[in-house]
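Descriptive structure summary
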Amino acid sequence: MNKKLKVVLLCTLFVLLLFFLVPWLRFASFIYGSESPFPKQDIMISPLYLGYFITLISLPIAYIFNMSRSKKSKFKIWGIFLMVPISLPLAYSIGLTYSLIVRNPWATMLMFYIFPLIFIAGLILLCVGVIKKNEVRKY
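Residues numbered from 1 in each chain as written. Predicted model: local features only at pLDDT ≥ 70, side-chain atom pairs only at ≥ 80, totals over all residues. Heavy atoms only, no water.

A closer look at the nonpolar core
Among the nonpolar cores identified, the biggest contains 22 residues, and Ile57, Ile61 and Phe81 are the most heavily contacted of them. Of all the secondary-structure elements, those providing two or more residues to this core are helix H1 (3-32), helix H2 (47-66), helix H3 (71-102) and helix H4 (111-131). For this core, the element with the highest residue contribution is H3, accounting for seven residues. Apart from residues no more than four positions distant in its own chain, Ile57 is found in contact with Leu13, Leu16, Leu17 and Phe20. (Core = buried A, V, L, I, M, F, W, Y, C linked by side-chain atoms within 4.5 Å. Buried < 20%, exposed > 50% of the residue type's maximum accessible area, 1.4 Å probe, protein only. Helix = DSSP H or I, 4+ residues; strand = E, 2+ residues; numbered from the N terminus. Contact = heavy atoms within 4.5 Å.)

Some points on the packing of aromatic side chains
One pass over the structure, following the stated rule, counts five aromatic pairs. For the ring pair Phe65 and Phe81, a centre distance of 6.0 Å and an interplane angle of 50° mean the geometry is tilted. A residue pair is termed long-range when its members are at least 10 positions apart, and Phe65 in helix H2 and Phe81 in helix H3 qualify at 16 residues. On the accessibility criterion, Phe65 (25% relative accessible area) is partly exposed. Between Phe115 and Phe119, the ring centres sit 5.7 Å apart and the planes meet at 40°, which makes this aromatic pair tilted. Of this pair, Phe115 and Phe119 both sit in helix H4, four residues apart, which is roughly one turn of that helix. Judged by relative accessible area, Phe119 falls into the partly exposed class, the value being 31%. (Phe/Tyr/Trp six-rings, centres within 6.5 Å; stacked < 30°, edge-to-face > 60°.)

Describing a nonpolar patch on the surface
Taken together, the side chains of Ile45, Tyr49, Phe53, Leu56 and Leu59 make up a nonpolar region of the molecular surface, amounting to roughly 440 Å² of accessible area. Considering the arrangement of structural elements, one finds Leu59 in helix H2. (Patch = residues over 30% accessible without salt bridge, like charges linked within 9 Å, V, L, I, M, F, W, Y side chains within 5 Å. Areas by Shrake-Rupley, 256 points an atom, 1.4 Å probe, with all protein chains shown as cover. Salt bridge = Lys/Arg side-chain N within 4 Å of Asp/Glu carboxyl O.)

Here's the deal with the environment of Pro116
Tracing the backbone shows Pro116 in helix H4. Judged by relative accessible area, Pro116 falls into the partly exposed class, the value being 31%. Between the alpha carbons of Pro116 and Ser87 there is a distance of 8.1 Å; along the sequence they are 29 residues apart.

A look at H3
Approximately 55° is the largest bend angle found in H3, and it occurs at Ile86, with the proline Pro89 only one to four residues beyond. Just beyond H3, the residue with positive phi is Arg103, at close to 55°. (Bend = angle between axes of the 7 residues up to and from the residue.)

Let's talk about the packing of H3 against H4
Running from amino to carboxyl end, H3 crosses H4 at an angle of 175°, the nearest separation of the two axes being 7 Å. Classified by the interaxial angle, the pair formed by H3 and H4 is roughly antiparallel. Looking at the contact of H3 with H4 residue by residue, the class counts come to 21 nonpolar, five polar and two charged. (Axes fitted to C-alpha atoms, helices over the stretch in contact; angles between N-to-C directions. Parallel < 35°, antiparallel > 145°, perpendicular 65-115°, else oblique. Nonpolar A, V, L, I, M, F, W, Y, C, P; charged D, E, K, R; others polar.)

And the structure:
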């Protein structure tokens, strides 16, 4: 993949990510407290699907960042992407989906178990990337 196409794809995916991330964050802040003017509930798409869209857009961004990198930097990139843009929206969406399946609103609390698991997996990948030594390539 040439550099121009890579930049165009990354820019497009980042715009899409921001397009979905801002309403999701506004809704999440509405749940915690609606005193400030920032949180609103006026989004047209369900936050359940927004979490899945954010995850699905973050995965190709991480993949494109990983192209032609060393293993050490791949671990770092996947660790950061798992911790920051993937773990919370994915855990939120999985918790809500499970709650809808079992028809129990308390089942949403599953997200409090899923989020730390995904976050710790990302933290472990990041630590492996930081601690791992560079491989010397011999041709």
